[in-house]
Amino acid sequence: MTKPLLDRHLFGPGPSNAYPEATTALGYPLLGHLDPAFIERLDATCEGLRQVWGTNNSRTLPLSATGSAGMEAAFVNTVGPGDVAVIAVNGLFGERMCDVAQRCGADVVRVDHEWGQPIDPERVANAHPNPKVIAAVHAETSTGVLSDIKTLGKLKGDALLIVDAVTSIGGIELLADEWGIDVGYAGTQKCLGVAPGLAPFTISDHAFDRRIEKPQSWYLDLGMLGGYVGSATGGGRTYHHTAPVAMIASLEAALQRILTEGLDNVAARHWAAGTALQNGLEEQGHKLFAAEGHRLPELTSVVVPEGVDSAAVRSYLLEHFNIEIGAGAGKYAQSVWRIGLMGPNANPASVALLLNALPEAIAKA
């Protein structure tokens, strides 16, 4: 007999609990990927993504892969051998950007920052006189830090600005056009409250015109994917791959739910929940890892108290409360907890549940 699914409370840096509308949509009868009814769904999804990205870019679409493929698509389409890529690194995903860009043959200029600190836009912008791209993470999932992309966009000069918005999209303010983001990628599993498997992606016309004409990846070639978004690009539909129709229906439903609530209201809800959690943790004597004034509301990083077994506490929470929180990343894997309040989890009940359970877990683990 198949075991029933556990009613987990997912408070980690990975997948959030899905919005009910998104879960329901996953169970819709499947449409063919060329069915006119699905094409309408895809168009509606792309339009919803434009709104949460804060862009008018016609080439805004859900790539049929996870957010990591979104990262790869951003780089394989914009940098090739010898191109200079300035990359801000203040956590694991900035490091991953460097790896991907190097695999494209780019000359990577890495601008390191202390983990737990935001990027310094001026230092990043001044790292090279004429880079092809400048790249940074808006909301660093590994540390819970929010960085100032708006200022970096003002300082980018002629470079294309690539931004990782995996943990920010659908949760906090994101204004791609206003901030000068040329290429952006994200994931569905965080604040959008959809199962992992799609990468919301956007590229400006200016960046598209400067793309690599024939990138190393056939699957992630944005030139070939142009027809995937059809009339939005001013052209006809072309077949590129079989779209994941159930995932796109789920994303469409979640976007409708978010836009009905209102982006400002969604952001306010995330900020209220995150602030309440962080205040509560400090009242319990915990030290927060991310720099004050630059802490994400949707992902709180907490220093594991001295003498406390991080893994044991996380196991106790999982076993006794069905609460999953995340370990830290890199050299902070055992010394930091990452607690997510994303999408439907960004609410007072989730804050109370975690704050009530954590002291018991620390005492008994």
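It should be emphasised that the depicted structure is a prediction, and the values quoted were computed from it without experimental measurement.

Caption draft 1: Up close: the pattern of salt bridges. According to the stated counting rule, one finds 13 salt bridges in the structure shown. The closest approach of N and O atoms between Glu 252 and Arg 41, which form a salt bridge, is 2.5 Å. Of the two residues, Glu 252 sits in helix 10 (residues 245-261) while Arg 41 sits in helix 2 (residues 36-53), which places them 211 residues apart along the sequence. Where Glu 47 meets Arg 50, a salt bridge forms, and the shortest distance between an N and an O atom there is 3.1 Å. With Glu 47 and Arg 50 both in helix 2 and three residues apart, the pair spans about one turn of that helix. On the accessibility criterion, Arg 50 (10% relative accessible area) is buried.

Caption draft 2: Region of interest: unusual backbone geometry. For Asn 322, which is not glycine, the phi dihedral falls at a positive 60°. Examined against the element boundaries, Asn 322 turns out to sit in the loop between helix 12 (310-321) and strand 12 (323-324).

Caption draft 3: Summary view of the side chain of Thr 188. Counting through the fold element by element, Thr 188 comes out in the loop between strand 9 (183-185) and strand 10 (199-203). Classification of Thr 188 by relative accessible area gives buried; the value is 0%. A distance of 2.9 Å separates a polar atom in the side chain of Thr 188 from the backbone oxygen of Ala 195. Setting aside residues up to four positions removed in sequence, Thr 188 forms contacts with Gly 193, Val 194, Ala 195, Pro 196, Gly 197, Leu 198, Pro 200, Met 247 and Leu 251.

Caption draft 4: Region of the structure containing helix 2. Across its 18 residues, helix 2 extends 26 Å between first and last C-alpha, which sits within 8% of the 26 Å expected from 1.5 Å per residue. Within helix 2 the residues assigned to the buried category are Phe 38, Leu 42, Thr 45, Cys 46, Gly 48, Leu 49, Arg 50, Val 52 and Trp 53. The secondary structure elements touched by the buried residues of helix 2 are strand 2 (59-63), helix 7 (176-179), strand 9, strand 10, helix 10 and helix 11 (263-283). Its side-chain oxygen 2.7 Å from the backbone nitrogen of Ala 37, Asp 35 forms the N-cap of helix 2. Remark: Gly 54 follows helix 2 within two positions and exhibits a positive phi of approximately 70°.

Caption draft 5: Representation of the sheet that holds strand 11 (residues 299-303). Pairing is antiparallel across the open sheet formed by three strands, whose spatial order is 11-14-13. Of all strands in the sheet, those with a lone pairing partner are strand 11 and strand 13 (326-327), marking the two edges. Examined bridge by bridge, strand 11 and strand 14 (residues 336-340) share five bridges and lie antiparallel to one another. Paired with Val 302 across the strands is Trp 337, a residue of strand 14. Of the strands in this sheet, strand 11 and strand 14 touch helix 11, which is tilted by about 10° from strand 11.

Caption draft 6: Here's a closer look at a nonpolar patch on the surface. Side chains of Trp 218, Tyr 219 and Met 224 sit close together on the surface and give an oily, nonpolar patch of about 300 Å² of accessible area. Secondary-structure assignment places Trp 218 in the loop between helix 8 (205-209) and helix 9 (222-225). Note on Trp 218: relative accessible area 48%, which makes it partly exposed.

Caption draft 7: Fine view of the packing of helix 2 against helix 10. The geometry of helix 2 relative to helix 10 is characterised by a closest axis approach of 9 Å and an angle of 45° between their N-to-C directions. The pairing of helix 2 with helix 10 is recorded here as oblique in orientation. For the crossing formed where helix 2 meets helix 10, the hand is left-handed. Judged by residue contacts, Phe 38, Arg 41, Leu 42, Ala 44, Thr 45, Gly 48, Leu 49, Gln 51 and Val 52 of helix 2 engage Val 245, Ile 248, Ala 249, Leu 251, Glu 252, Leu 255, Ile 258 and Leu 259 from helix 10. Classifying every residue of the contact of helix 2 with helix 10 by side-chain character gives 12 nonpolar, three polar and two charged.

Caption draft 8: Broad picture of the packing of helix 3 (residues 67-76) against helix 4 (residues 92-103). Contact geometry of helix 3 with helix 4 gives a least axis separation of 10 Å together with a crossing angle of 50°. Accordingly, the angle class assigned to the pair helix 3 and helix 4 is oblique. For the crossing formed where helix 3 meets helix 4, the hand is right-handed. Where helix 3 abuts helix 4, its residues Ser 68, Met 71, Glu 72 and Phe 75 lie against Phe 93, Arg 96, Met 97, Val 100 and Ala 101. Taken together, the residues that form the contact of helix 3 with helix 4 break down as six nonpolar, one polar and two charged.

Caption draft 9: Local environment of the sheet that holds strand 5 (residues 133-137). Overall, mixed pairing links the seven strands, which are arranged 2-10-9-8-5-3-4 in an open sheet. Where the open sheet ends on each side, the last strands, each with one partner, are strand 2 and strand 4 (107-112). The mean angle between the axes of side-by-side strands here comes to 15°, regardless of whether they run parallel or antiparallel. Sheet topology note: the strand 9/strand 10 ladder contains three bridges and is antiparallel. Note that in strand 10 the partner of Tyr 185 across the bridge is Phe 201.

The rules behind these values
Residues numbered from 1 in each chain as written. Predicted model: local features only at pLDDT ≥ 70, side-chain atom pairs only at ≥ 80, totals over all residues. Heavy atoms only, no water. Salt bridge = Lys/Arg side-chain N within 4 Å of Asp/Glu carboxyl O. Helix = DSSP H or I, 4+ residues; strand = E, 2+ residues; numbered from the N terminus. Buried < 20%, exposed > 50% of the residue type's maximum accessible area, 1.4 Å probe, protein only. Polar contact = N/O pair within 3.5 Å; in protein donor to acceptor, adjacent residues only side chain to side chain. Contact = heavy atoms within 4.5 Å. Expected span 1.5 Å × (residues − 1). Pairing = 2+ DSSP bridges. Axes fitted to C-alpha atoms, helices over the stretch in contact; angles between N-to-C directions. Patch = residues over 30% accessible without salt bridge, like charges linked within 9 Å, V, L, I, M, F, W, Y side chains within 5 Å. Areas by Shrake-Rupley, 256 points an atom, 1.4 Å probe, with all protein chains shown as cover. Parallel < 35°, antiparallel > 145°, perpendicular 65-115°, else oblique. Left-handed = near helix turned anticlockwise from the far one by under 90°. Nonpolar A, V, L, I, M, F, W, Y, C, P; charged D, E, K, R; others polar.

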